[in-house]
Protein chains: 2
Amino acid sequence: MSQPTETERCIESLIAVFQKYAGRDGKNSTLSKTEFLTFMRSELASFTKNQKDPGVLDRMMKKLDLNADGQLDFQEFLNLIGGLAIACHDSFLSSQPQKRI
Amino acid sequence: MSQPTETERCIESLIAVFQKYAGRDGKNSTLSKTEFLTFMRSELASFTKNQKDPGVLDRMMKKLDLNADGQLDFQEFLNLIGGLAIACHDSFLSSQPQKRI
């Protein structure tokens, strides 16, 4: 077997991280509120540690939970990762000169 | 500085991979059709090599290009990655017994 590419590794990582936290209590196919908080504090501490407002994670969970079932499924989790990636990417682009044809 | 977490590494990788292919020709903030094809054949060869239908990548590009500008921006690229991750995750879940409370 050949080595996975960076993109393949990334897809595998996203699934592994979701499974790791989703498997801590209850249904192993969704993140409960507690699992979401554990995920955010463990994996995205660089984001959460600067948040002075204790309600920010509650509001994020509510906003991400599109079907309002109190759980985040994998699609809802990917929306969080995508949102963070876009925010980082935008700040990267705005710091770079644009190349146009 | 502490080591990045798996989630942080993954977000960085997604941005780096997109930038690598988007920077090959024209605008460096979008994937042209040629850049998309290069990305798919280089990074997702395990998916593309089993495709007998030569039109499948054309149809994927059209479907992903939500604003139909002939280019994939970072959000549209993330929809591709998310779609692949969901397909892999679903096949993982269906191979596992469900744990319920």
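Residues numbered from 1 in each chain as written. Chains lettered and ligands numbered in written order. Predicted model: local features only at pLDDT ≥ 70, side-chain atom pairs only at ≥ 80, totals over all residues. Heavy atoms only, no water.

(A) The overall build of chain A, seen in detail. Looking only at helices and strands, chain A features five helices and zero strands. In chain A, the succession of α and β elements from N to C terminus is α-α-α-α-α. The globule rule puts the C-alpha radius of gyration for 101 residues at 13 Å, and the 16 Å found for chain A is more than 25% above it. Once the C-alpha set of chain A is aligned to its principal axes, its extents read approximately 50 × 45 × 25 Å. Here chain A holds 101 residues, and 47% of them are scored as buried. (Helix = DSSP H or I, 4+ residues; strand = E, 2+ residues; numbered from the N terminus. Rg over C-alpha atoms; globule rule 2.2 N^0.38 Å. Buried < 20%, exposed > 50% of the residue type's maximum accessible area, 1.4 Å probe, protein only.)

(B) Inspection of the pattern of salt bridges at higher detail. Residue and element names in this part refer to chain A. The final tally for this structure, using the stated rule, is four salt bridges over all chains. Here Lys 33 ties to Asp 58 by a salt bridge, and the two come within 3.0 Å at their closest N and O atoms. One end of the pair, Lys 33, is in helix α2 (residues 33-43); the other, Asp 58, is in helix α4 (residues 56-64), and 25 residues separate them in sequence. Across the salt bridge formed by Arg 59 and Asp 53, the nearest N and O atoms sit 2.7 Å from each other. With a relative accessible area of 34%, Asp 53 lands in the partly exposed category. (Salt bridge = Lys/Arg side-chain N within 4 Å of Asp/Glu carboxyl O.)

(C) Expanded view of the packing of helix α5 (residues 74-94) of chain A against helix α5 (residues 74-94) of chain B. At a minimum axis separation of 10 Å, α5(A) and α5(B) run at an interaxial angle of 150 degrees. The angle between α5(A) and α5(B) places the two elements in the roughly antiparallel class. Crossing handedness for the pair α5(A) and α5(B): right-handed. Residues A:Phe74, A:Gln75, A:Leu78, A:Gly82, A:Ala85, A:Ile86 and A:His89 of α5(A) form the contact with α5(B), whose participating residues are B:Phe74, B:Gln75, B:Leu78, B:Gly82, B:Ala85, B:Ile86 and B:His89. Taken together, the residues that form the contact of α5(A) with α5(B) break down as eight nonpolar, six polar and no charged. (Axes fitted to C-alpha atoms, helices over the stretch in contact; angles between N-to-C directions. Parallel < 35°, antiparallel > 145°, perpendicular 65-115°, else oblique. Left-handed = near helix turned anticlockwise from the far one by under 90°. Contact = heavy atoms within 4.5 Å. Nonpolar A, V, L, I, M, F, W, Y, C, P; charged D, E, K, R; others polar.)

(D) The arrangement of the relation of the copies chain A and chain B in detail. For these two chains of identical sequence, chain A goes onto chain B by a turn of 180 degrees and a shift of 0.0 Å along the axis, with RMSD 0.0 Å. One copy is carried onto the other by what is essentially a two-fold rotation axis. Within chain A, A:Cys10 has its C-alpha nearest the rotation axis, a separation of 2.7 Å. Both copies present the same face, since 100% of the interface residues in chain A are matched by interface residues at the equivalent positions in chain B. (Least-squares fit on C-alpha atoms with pLDDT ≥ 70 in both.)

(E) Looking closely at α5(B). A rise of 1.5 Å per residue sets the reference length of α5(B), with its 21 residues, at 30 Å; its end C-alpha atoms lie 30 Å apart and thus fit the reference within 8%. Next to the buried residues of α5(B) lie α1 (6-22) and α5 of chain A together with α1 (6-22), α2 (33-43) and α4 (56-64) of chain B. Where α5(B) begins, the side chain of B:Asp73 points an oxygen toward the backbone nitrogen of B:Gln75, at a separation of 3.2 Å. (Expected span 1.5 Å × (residues − 1). Polar contact = N/O pair within 3.5 Å; in protein donor to acceptor, adjacent residues only side chain to side chain.)

(F) Expanded view of the interface of chain A and chain B. At the junction of the two partners, chain A supplies 41 residues and chain B supplies 41 residues. Across the interface of chain A and chain B, roughly 3,500 Å² is buried in total on both sides, 65% from carbon and sulfur atoms. Scanning the region where chain A abuts chain B turns up zero salt bridges. Mapped by element, the contributors of at least two residues to the side of chain A that touches chain B are α1, α2, α3 (45-48) and α5 of chain A. Of the residues that constitute the side of chain A that touches chain B, the class distribution is 21 nonpolar, 14 polar and six charged. (Buried area = accessible area lost by both parts, 1.4 Å probe.)

(G) Fine view of the layout of surface pockets. Space inside the largest pocket adds up to approximately 440 Å³. Taken together, 20 residues make up the lining of the largest pocket; nearest its centre are A:Leu44, A:Ser46, B:Pro4, B:Glu8 and B:Glu12. Elements supplying a minimum of two residues to the lining of the largest pocket: α2, α3 and α5 of chain A together with α1 of chain B. With five residues, the single largest contributor to the lining of the largest pocket is α1(B). Of the residues assigned to the lining of the largest pocket, the class counts are 11 nonpolar, five polar and four charged. (1 Å grid on protein atoms, 1.4 Å probe; cavity = no way out; pocket = protein on both sides within 12 Å on 5 of 7 lines; lining within 4 Å. Points joined across faces, edges and corners; volume = space filled by probe spheres on them.)

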